[in-house]
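Below are the chains, spelled out letter by letter.
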Amino acid sequence: MAVNVKDMMKQKKSNQILPRLLEKSAPVFFLLCAIISILTTIGIILTLLVETITFFNRVSFTEFITGTQWWPFGENASYGILPLISGTLLITVIAMIVAIPIGLASAIYLSEFASNKVRKVVKPVLEILAGIPTIVYGFFALTFVTPMFQLVIDDLPIFNALSPGIVVGIMIIPMIASLSEDAMSSVPNVMREGALAMGSTRLEVAMKVVVPAALSGIIASFVLGLSRAIGETMIVSVAAGSTPKLTTDVTESIQTMTGYIVQVTLGDASYGSTTYYSIYAVGMTLFVFTLIMNLLSQYISRRFKEDY
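Residues numbered from 1 in each chain as written. Predicted model: local features only at pLDDT ≥ 70, side-chain atom pairs only at ≥ 80, totals over all residues. Heavy atoms only, no water.

Focus: a nonpolar patch on the surface
A contiguous nonpolar surface patch, about 910 Å² in accessible area, is contributed by V28, L31, L32, I35, I38, L39, I42, L46, L49 and I53. Checked against the element boundaries, L39 lands in helix α2 (residues 17-56). On the basis of relative accessibility, which here comes to 53%, the residue L39 falls in the exposed class. (Patch = residues over 30% accessible without salt bridge, like charges linked within 9 Å, V, L, I, M, F, W, Y side chains within 5 Å. Areas by Shrake-Rupley, 256 points an atom, 1.4 Å probe, with all protein chains shown as cover. Salt bridge = Lys/Arg side-chain N within 4 Å of Asp/Glu carboxyl O. Helix = DSSP H or I, 4+ residues; strand = E, 2+ residues; numbered from the N terminus. Buried < 20%, exposed > 50% of the residue type's maximum accessible area, 1.4 Å probe, protein only.)

Structure follows, in structure tokens:
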């Protein structure tokens, strides 16, 4: 049977039309996705800025950042954000006290001591822990953790900073453990083998060789966990209460920035009121805190990065 070369060439070209179209359209699609992400970010920032400026046209900026009383309702409203910042930082400090040692210890175990079989079991469990809805954590803190502490601490109110702080710490353990374990797993085995050859124990290798070598990723995981704790909403809304106080007493009811936003958006303020616009000012403050944490994480990653 005779073969027509021209027909074969035409058929080959026709078969290449679709791949060529995909090749040309793919960069355009990816560019559009990037543009959408950028425009969304710009839109969020502009919304926060416009509404926050409206708020500061009604309330003094100095009063907002230095005031120690937060009561945005009624005629004698006061908009000093320090009690909300205090509550947020109190929850965050408790959470990091819980999450950092447990998360780092879990990462060291998974990276340096666990067998492959154990790692295949433990790591998915940690990922499941990270996937639990935060509202479930909130009710866990309210109905289980707080009653347990009430058996030990006399007169502990049902709403307090201690229980949600601990549960927020439990919630961010998977993030710290996973990111830290990834950082330690990236350390070359040559460094471990060299330390073992010189007579170091596995614990000494883990603490004196692997952890310092992976310090950049470990600290970055701490900062990201800190950022996550600052922005947590449902746990503190359910279990911490709604009493803005400038206090360091973990047994008292407090209110965080996110908790206040939830309270107002549930309908406690009419549209266009100063109280309504205050949620944007609080949101902008929260945005600044989170942005600082992310920038700090990037700086630490670059500053302590080790290239192997």
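Thoughts on the domain arrangement of the protein
When the domains of the protein are assigned, the result is domain 1 (5-57) and domain 2 (70-304). The straight-line distance from the C-alpha centre of domain 1 to that of domain 2 is 35 Å. The interface is formed by eight residues belonging to domain 1 together with nine residues belonging to domain 2. Carbon and sulfur atoms make up 87% of the area that domain 1 and domain 2 hide from each other, which totals about 830 Å². (Domains from an automatic or database assignment. Contact = heavy atoms within 4.5 Å. Buried area = accessible area lost by both parts, 1.4 Å probe.)

With respect to the packing of helix α6 (residues 134-150) against helix α7 (residues 162-185)
In the contact formed by α6 and α7, the axes pass within 9 Å of each other and the chain directions differ by 130°. It follows that α6 is oblique to α7 by the angle criterion. Our pair here, α6 against α7, has a crossing hand that is right-handed. Facing T134, Y137, F140, A141, V145, T146 and F149 of α6, the residues of α7 in contact are L162, S163, P164, I166, V167, I170 and M171. (Axes fitted to C-alpha atoms, helices over the stretch in contact; angles between N-to-C directions. Parallel < 35°, antiparallel > 145°, perpendicular 65-115°, else oblique. Left-handed = near helix turned anticlockwise from the far one by under 90°.)

Focus on the environment of T285
Relative to the elements of secondary structure, T285 occurs in helix α13 (residues 274-303). Using a relative accessible area of 15% as the deciding quantity, one classes T285 as buried. Each C-alpha atom, one on T285 and one on T265, is 17 Å from the other, the two residues being 20 residues apart in sequence.

Quick look at the nonpolar core
Judged by nonpolar contacts, the single largest core of 41 residues is most densely connected at V168, I172 and M184. Secondary structure elements with two or more residues in this core: α4 (82-113), α6, α7, α9 (202-213), α10 (215-230) and α11 (234-239). When residues of this core are assigned to their parent elements, the largest contribution, 10 residues, is made by α7. When sequence neighbours within four positions are dropped, the list of residues in contact with M184 reads A107, I108, S111, E112, R192, V210, V211, A214 and I218. (Core = buried A, V, L, I, M, F, W, Y, C linked by side-chain atoms within 4.5 Å.)

Brief notes about the environment of V118
Topologically, V118 is positioned in helix α5 (residues 116-130). Residue classification places V118 among the partly exposed residues on the basis of a relative accessible area of 29%. A sequence separation of 81 residues divides V118 from G199, and the C-alpha atoms of the two residues are 26 Å apart.

Re the packing of aromatic side chains
Each aromatic ring pair is specified by the distance between its two centres and by the angle formed by the two planes. Applying the stated rule across the entire model yields 12 aromatic pairs. With centroids separated by 5.6 Å and ring planes inclined at 70°, the aromatic side chains of F55 and F64 adopt a geometry described as edge-to-face. Exposure class is identical for F55 and F64. Each is buried. With 5.5 Å between their ring centres and 80° between their planes, F55 and Y79 make a pair best called edge-to-face. With F55 in helix α2 and Y79 in strand β2 (residues 78-79), this residue pair connects regions lying 24 residues apart in the sequence. Of the two residues, F55 and Y79, neither departs from the other in class, the shared state being buried. Taken together, the ring pairs in this structure connect F55, F56, F61, F64, W70, Y79 and Y260 into an aromatic cluster. (Phe/Tyr/Trp six-rings, centres within 6.5 Å; stacked < 30°, edge-to-face > 60°.)

Digging into the side chain of S227
With respect to the helices, strands and loops of the structure, S227 is situated in helix α10. Classification of S227 by relative accessible area gives buried; the value is 10%. In this view, S227 contacts T290, M293 and N294; residues no more than four positions away in its chain are not counted.

Digging into the packing of α5 against α7
Between α5 and α7, the least distance of the axes is 8 Å, while the angle of their chain directions is 135°. Comparing their axes, α7 and α5 come out oblique. Note that α5 runs across α7; the crossing there is left-handed. On α7, the residues touching R119, K123, L126, L129 and A130 of α5 are I170, P174, A177, S178, E181 and D182.

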